[in-house]
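Structural overview
Chain by chain, the residues:
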Amino acid sequence: MRVDRKGSVPGLVLDRSSSGATVFLEPFEAVALNNDFVEADREFTQAVQAFLRELLDRLRTRREDFERWQKFQSEVDEILALLRWQSLCDGVLPTLGTQRLRVFEARHPLLLPAVRLALDLEPLAHDVVPLNLELDETRPGLVISGSNTGGKTVVLKTVGLLSALAQAGCAIPAKAGTEMPELTSLHADIGDHQTLIGSLSTFSSHILHLKRILTQAKRGGLVLLDELGTGTDPKEGAALGIAVLQALSRRHCWVLCSTHLGEISQWAIRHPRFQNASVQFDEDRMAPTYRLMVGQPGQSRALTIAAKLGLPRWVLDHADKVLGRREQDWREFLKSLEADRLHLIEQAEEQTRREAALLKDQRILTEREEALHQKQDKFQRDSQEKLQRVLEFLDHESKRLVKELKEKQRSIEPLNADRIGTEATERVKTLQQIAQAELEPLRLAPRAPKHTVALRLDGYARHRGLGVEGRVITLKGDRVTLQTPQGRRLEARVGELEPIVRADFDASQPMGRVRVRAASQDLSCEINLIGRASDDIQFEVHRFVEEALASGQRFIRIVHGHGTGRLKTAVREALHGHPGISRVEDAPQTQGGSGATVITLR
């Protein structure tokens, strides 16, 4: 309250404002209440402290449980982070501890679209070219050369980063089959580390890094060196770079280095523990393809890139003269070598595609053959069941007809022979019509007389369409009668049967004789392709063979004429390897000779 009114309220003055116009006063009535509050607050604080001390004493007895819980939480967090990373980069866990450094379809993590999206980076304008590389303990060194902006440094960074991720137990963006050795150390000299404050030039910074690497690199470690030998005189830089690589080779390190110095690439050709690689350059588009080609050195193509960037032509011509004939010959040799290697790679890829297509065709043919066998088996089972039903029906009706005739014969009423014969004839015709209607779907394709099967009396045969087997009991001309193990009889043509060797038929049960006639379906066993283009007959030939197999044909003929022979060659290529064909040969001279092809089906 104001100073001039402090006497209106009796109490204790606790403080005064800085201006002196206001005092802070505690009325006497509040002194006792404030004392009680202070005491209660002190008691509450003491109770809380006592409770915390008791709780802490109880927790100390379970210290090991909390340590195990903390370890468990940290492991769970680590596993969840690893799983999230594996899902983000769509990676695999490589095989560790092998004596090979093999990356298959690998990509730098920062070039992956999902990773760039998670890090809020701009998407790339082109697809990422995967990296394929394989080194073993006998040749653990790789010297990469080639054009500027071709991806040499990306190769080093990709191998180094993926190796570090693999050693840490992380998945890497690569395909199955990737292998990594257990690295004892990992060192890299990538980029320009020159500084004005430290008085370090580009060359000096590289030398300091090489000094540290040569001091700390261990046996079995990985060393990445970018632009080895640059920043000084090319000859001295090449000599220094070769000496560094030689020292790392004696230490049995895995070494990947990039360089523009041809002397280092030439040295790698002669060294047994090193090999060359280059980044591919598209001469037509005048642009790099970012594809690593192991086994050959590459060119820097400084003049080519300078011409693309617009450097004057007269400057480039003068540079060609200064370059010297020997260096130009070496560059032309590398260019020719790269073109030949690229051609071989394209041929290998084409061969791989053809093999894949062939395997696909073989799988399709196998599936079709299996489906055809299943369809034939089902047709044979259905045919046997239907024929059995028809035979049982005819047997039952014939017995009933004989029974009725005997009953009429025993009756005292006078018999009319003409009327009884007419009725019996009509009933037999009705039974024949019913049997033909039932057997209509089982009709067979006609067989040429020259391909009829030779049968013998008392031998065994199988009906091709119906699948019925039996013993030959009559053989008259083109008509054959089979007797089944159940005692039933089936009449058929010779061309509808094939001989079999069976000795387990039981023909001791005589049954009623039933005659079944099956008509033949008129299907052509020949196709004429004269006048057709050789490029579009494969489908027609395959369809003709499949239809012949489905109809039970044994021999078919394709007429293609003589001509230039291209149509015949196309026909033979279409027939080659078909699983339903047992033999392909020229037709006899009386049937067209080499102008027609005769196919024997299985």
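Heads up: these notes are all about the structure in this document. (Residues numbered from 1 in each chain as written. Predicted model: local features only at pLDDT ≥ 70, side-chain atom pairs only at ≥ 80, totals over all residues. Heavy atoms only, no water.)

1. Structural notes on the overall build of the protein chain
- Looking only at helices and strands, the protein chain has 13 helices and 21 strands in total.
- Burial status across the protein chain gives 33% buried among its 602 residues.
- A separation of at least 24 residues holds for 63% of the contacts in the protein chain among residues at least 6 apart in sequence.
- Summed over all atoms, the accessible surface of the protein chain reaches about 37,600 Å², with 54% contributed by carbon and sulfur. (Helix = DSSP H or I, 4+ residues; strand = E, 2+ residues; numbered from the N terminus. Buried < 20%, exposed > 50% of the residue type's maximum accessible area, 1.4 Å probe, protein only. Contact = heavy atoms within 4.5 Å. Areas by Shrake-Rupley, 256 points an atom, 1.4 Å probe, with all protein chains shown as cover.)

2. Side note on the pairing of strand 9 (residues 222-225)
- Residues Leu222 and Leu224 point to one face of strand 9 and Val223 and Leu225 to the other, with burial holding for every one of them.
- Both strand 8 (residues 186-189) and strand 9 contribute to a ladder of four bridges, which runs parallel. If you follow histidine 187 over to strand 9, its bridge partner there is valine 223.
- Pairing of strand 9 with strand 10 (residues 254-258), which is carried by four bridges, proceeds in the parallel orientation. Bridged to valine 223 within strand 10 is valine 255.
- Once you follow strand 9 into helix 6 (residues 234-250) and on to strand 10, the crossover reads as right-handed. (Pairing = 2+ DSSP bridges. Right-handed = clockwise from strand over helix to strand, strands pointing away.)

3. A short note on the pattern of salt bridges
- Per the counting criterion, the structure on display carries 17 salt bridges.
- Arginine 60 is the salt-bridge partner of aspartate 57, the closest N and O atoms lying 2.9 Å from each other. Note that aspartate 57 and arginine 60 are positioned in helix 1 (residues 28-60) at a spacing of three residues, about one turn of the helix.
- On the basis of relative accessible area, aspartate 57 is assigned to the partly exposed category, the value being 44%.
- On the accessibility criterion, arginine 60 (52% relative accessible area) is exposed.
- With a shortest N-O distance of 3.2 Å, arginine 462 and glutamate 498 are connected by a salt bridge. Pair noted here: arginine 462 is in strand 13 (residues 460-463) and glutamate 498 is in strand 17 (residues 497-500), with a separation of 36 residues, a long-range link.
- A relative accessible area of 23% places arginine 462 in the partly exposed class. (Salt bridge = Lys/Arg side-chain N within 4 Å of Asp/Glu carboxyl O.)

4. Some remarks on the sheet that holds strand 19 (residues 555-559)
- Across the sheet, four strands lie side by side as 18-19-21-20; this open sheet has mixed pairing. Edge positions in the open sheet fall to strand 18 (526-528) and strand 20 (581-586), since each of these has one partner strand only. Each strand of the sheet is rotated relative to its neighbour by a mean of 15°, with strand direction disregarded.
- The pairing of strand 18 with strand 19 spans three bridges and is parallel. From the neighbouring strand, isoleucine 527 faces strand 19, where its bridge partner is isoleucine 558.
- Seen against the sheet, helix 12 (residues 538-550) touches strand 18, strand 19, strand 20 and strand 21 (596-601) and runs at an angle of roughly 160° to strand 19.
- Seen against the sheet, helix 13 (residues 566-575) touches strand 19, strand 20 and strand 21 and runs at an angle of roughly 165° to strand 20. (Axes fitted to C-alpha atoms, helices over the stretch in contact; angles between N-to-C directions.)

5. Description of the sheet that holds strand 15 (residues 479-483)
- Taken in spatial order, the five strands make up an open sheet running 16-15-14-13-17, and their pairing is antiparallel. Edge strands, defined here as strands with exactly one partner in the open sheet, are strand 16 (489-493) and strand 17. Going across the sheet, the axis of each strand differs from the next one's by a mean of 45°, ignoring polarity.

6. A word on the side chain of histidine 187
- Residue position: histidine 187 is located in strand 8.
- Not counting the four nearest positions on each side in its chain, histidine 187 is found in contact with Arg212, Ile213, Gln216, Ala217, Leu222, Val223 and Leu224.

7. Looking at helix 7 (residues 262-270)
- Listed in full, the buried residues belonging to helix 7 are Ile264, Ser265, Trp267 and Ala268. Down the axis of helix 7, the smallest arc covering the buried residues is 160°, so these residues share one side.
- On its buried face, helix 7 is in contact with strand 6 (141-146), helix 6 and strand 11 (274-282). (Arc of directions from axis to C-beta.)

Keep in mind that these numbers describe shape and distance, not what the molecule does.
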